[in-house]
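Results of the structural survey
This is what each chain is made of:
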Amino acid sequence: MSEERKDTDDFWLSAVRELLHLIGHTDITEILIERHESRLHIKRGGTIPLPTMEAPAVPPVLRASNLAPLGSSPPQHHLHIPASAAGSQPGEVPDGYTILAPMVGMFYESPSPRDAPFVQEGDEIQAGDTVGIIEAMKIMNEIESEVGGRVVRILVKNAQPVEYGQPLMVIEPR
Amino acid sequence: MPDHPGCPDPLAPPAILHGLGTTALPRSVRCYPQVGSTMDVAREHLQDAPPDVLPMLVLADEQTDGRGRMQRPWWDARGKNLLFSLAMRPLWLRPAQAPALVWMAGVALCEGIAETTGLWPRLKWPNDVLLDEKKVAGLLLESGSSEHAVTWAVLGCGLNVNAGPPPDILLRSPSTCLADILGCPVLRLPLVRSLLVRLDTWYTRLQNGEHARLFGAWRALLATLGQEVQVETATGVVAGCAEDVEPSGALRLRDAAGATHLITAGDVFLV
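Presented here is a report on the structure given in the accompanying data block. Worth saying up front: this structure is predicted, and the values here are computed from it rather than measured. (Residues numbered from 1 in each chain as written. Chains lettered and ligands numbered in written order. Predicted model: local features only at pLDDT ≥ 70, side-chain atom pairs only at ≥ 80, totals over all residues. Heavy atoms only, no water.)

1. What about the pattern of salt bridges?
Residue and element names in this part refer to chain B. Under the definition given, this model contains 15 salt bridges over all chains. Note that Glu-115 and Arg-198 form a salt bridge whose closest N and O atoms lie 3.1 Å from each other. With Glu-115 in helix 3 (residues 99-117) and Arg-198 in helix 5 (residues 188-207), the pair connects residues that are 83 residues apart, well separated along the chain. Residue Glu-210 pairs with Arg-213 through a salt bridge whose shortest N-O separation is 3.0 Å. (Salt bridge = Lys/Arg side-chain N within 4 Å of Asp/Glu carboxyl O. Helix = DSSP H or I, 4+ residues; strand = E, 2+ residues; numbered from the N terminus.)

2. Structural notes on the packing of aromatic side chains
All names here are of chain B. Under the counting rule described, the total for this entry stands at four aromatic pairs over all chains. Between Trp-103 and Trp-218, the ring centres sit 4.9 Å apart and the planes meet at 15°, which makes this aromatic pair stacked. Taken as a pair, Trp-103 in helix 3 and Trp-218 in helix 6 (residues 211-221) lie far apart in primary sequence, 115 residues in all. For Trp-103, a relative accessible area of 1% puts it in the buried group. Where Phe-215 meets Trp-218, the ring centres are 5.9 Å apart and the plane angle is 50°; that geometry is what we call tilted. Here Phe-215 and its partner Trp-218 are both found in helix 6, three residues apart, which amounts to about one turn of the helix. Neither residue differs from the other here; Phe-215 and Trp-218 are each classed as buried. Taken together, the ring pairs in this structure connect Trp-103, Phe-215 and Trp-218 into an aromatic cluster. Between the NZ or CZ atom of Arg-205 and the centre of the ring of Trp-202, over which it lies, the distance is 4.5 Å. (Phe/Tyr/Trp six-rings, centres within 6.5 Å; stacked < 30°, edge-to-face > 60°. Buried < 20%, exposed > 50% of the residue type's maximum accessible area, 1.4 Å probe, protein only. Lys NZ or Arg CZ within 6 Å of the ring centre and 35° of its normal.)

3. Regarding the packing of helix 3 of chain B against helix 5 of chain B
All names here are of chain B. As a packed pair, helix 3 and helix 5 sit with axes 8 Å apart at the nearest point and diverge in direction by 140°. As judged from the angle between their axes, helix 3 and helix 5 are oblique. The two elements helix 3 and helix 5 cross, and the hand of that crossing is right-handed. When helix 3 is examined against helix 5, the residues Ala-100, Leu-101, Met-104, Ala-105, Val-107, Ala-108, Leu-109, Glu-111, Gly-112, Ile-113, Glu-115 and Thr-116 are found in contact with a partner set consisting of Pro-190, Leu-191, Ser-194, Leu-195, Arg-198, Leu-199, Trp-202, Tyr-203 and Leu-206. Per-class residue counts for the contact of helix 3 with helix 5 are 15 nonpolar, three polar and three charged. (Axes fitted to C-alpha atoms, helices over the stretch in contact; angles between N-to-C directions. Parallel < 35°, antiparallel > 145°, perpendicular 65-115°, else oblique. Left-handed = near helix turned anticlockwise from the far one by under 90°. Contact = heavy atoms within 4.5 Å. Nonpolar A, V, L, I, M, F, W, Y, C, P; charged D, E, K, R; others polar.)

4. Brief notes about the environment of Glu-144 of chain A
Within the secondary structure, Glu-144 of chain A is located in strand 9 (residues 139-144). Take Glu-144 of chain A: its relative accessible area is 14%, and that puts it in the buried class. For the pair formed by Glu-144 of chain A and Ile-99 of chain A, sequence separation is 45 residues and the distance between their alpha carbons is 9.0 Å. Residues contacting Glu-144 of chain A, with those up to four places away along its chain left out, are Gly-128, Asp-129 and Thr-130 of chain A together with Gly-144, Ser-145, Ser-146, Thr-151 and Trp-152 of chain B.

5. Regarding the sheet that holds strand 9 (residues 236-245) of chain B
Residue and element names in this part refer to chain B. Pairing is antiparallel in the open sheet, where five strands are placed in the order 11-10-9-8-12. Among the strands making up the open sheet, the edge pair consists of strand 11 (260-263) and strand 12 (267-270). With strand direction ignored, the average angle separating the axes of adjacent strands in the sheet is 45°. Bridging between strand 9 and strand 10 (residues 251-254) involves four bridges; their strand directions are antiparallel. If you follow Asp-244 over to strand 10, its bridge partner there is Arg-252. (Pairing = 2+ DSSP bridges.)

Below, the structure is given as C-alpha cells:
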C-alpha cells in the first residue's frame, strides 16, 4: 500500500500533508524545504508564490487550502495540546479536544449571515451538535462535534478559508 | 417568459417507482402538493428514518420557502417544475469526498435531460445546469459530518421544466426552462424517472470507488473551463481565465497578472 502511494505521489502530496499536520500542531508559521531545483514552501495563512512551478516568469500562487486531494486520508482524529499553565493566554491554544476541518472550504459560524453562530466560546455542547459549516462547491457541510463539553477556544473566523485538517476549535470534554 | 399551460402531469410514488429498475435509490418516495422547502422536509425525515427507506426522494409541486446557496430564495411555479430533495446517509463517504455527490447530481441531471429531451446541457462550475448559456437547474447539497464520515446528506434540485422565473424577478444569472427551449410542454414524470436512473447509476459507481470516472464525466460537462470569468467569493472578487479543475473539484483560475487562484466556493459569472 505504502509503495503504491510512493509511486503515485509525484506532487509530494504525502509530504505536504505531513507538513500541514506539523504546522497545525505547533507554533511554526512557515516551512521552506529546498532540494536541488525543487522548492516546497508552506506558510500559515496567506499565499505562497512557487517560482519553480509551470510558469517561472510569472509566479503562480498556490493556496495551501486546496492541497488535499479527493482521495486523501482523513485528518488525525484529534490532538491534545498540553497547556503550559492553568489558564491559557490569548493566542495560546488551550488543552482539550480539537475539532479539525474534515474538508477544504470556507468556514461559516452560522447557517446564514442573519443567523446567530452555532456556538460561541464558553458554550456547553453535546456530542453530535453542529459547531460550524464548511462550504465547498455548493456543499454546506455541517461540522458535528464528536464530543460533548465546553467550547474553550474558536480558532477560526467567520467566512475564513480553512484547510484540510486545520484546527477549528477546542472543546474541554465533559 | 411564457408559462406553458396544460400538462396535467401529477407526480405520485407508484408512477415514479413502477418498473424503475434502480438498485440503490430511491428506497422510498414522498410527494407533497406544497411544502416550505423539500430540503427541510427531507432533513426532518432523516432524523428518524430507518435505514431501509433511505435514500428517500422528497418531491413537491410547490415550495413556499425554497432556497439555494446561502439561503437565497428559489423561485418556482406550482406544478410546473421539478422540485426535489434526496435524503441519504452515505456513511461510506469521507467528508473530503463529499463534492463527489455534487458532481454526481450535476452529471445525472445533464444526462437525464439529454435522454428525455434531446437537449445537451452543460454545467457552470460547480453545478448549475445551463442550456443556451442560461440556468435551467440549480443544485444544493446540505450535509453533516464527523471528522471521518458524512453522517447525512440532502441533495436538493430545482429544475425549470415548464416555467422559468418571470422577467420582474431579479436574478443573478439569466434563466430559462426546458419548455421554452423546446417550444412545447414537457412531462415531468419521464424526466424524474430518467434522473433517478442516472442518479442510481452514479451513486452505485461512487459506492464502488469510481470517483475518478465520475470526476472525468463532471469535468467534461463544465462549460466554464477556458472562459474568462469573475468569481464572487466570501473574501472578495477574483477575475481571470478558468483554466481547469483540481482533483478536489476546486476551480483553477489564472488572473491577468499570471497568478493562479484555487476557488473552492463562490458564484461564477462569465465576463
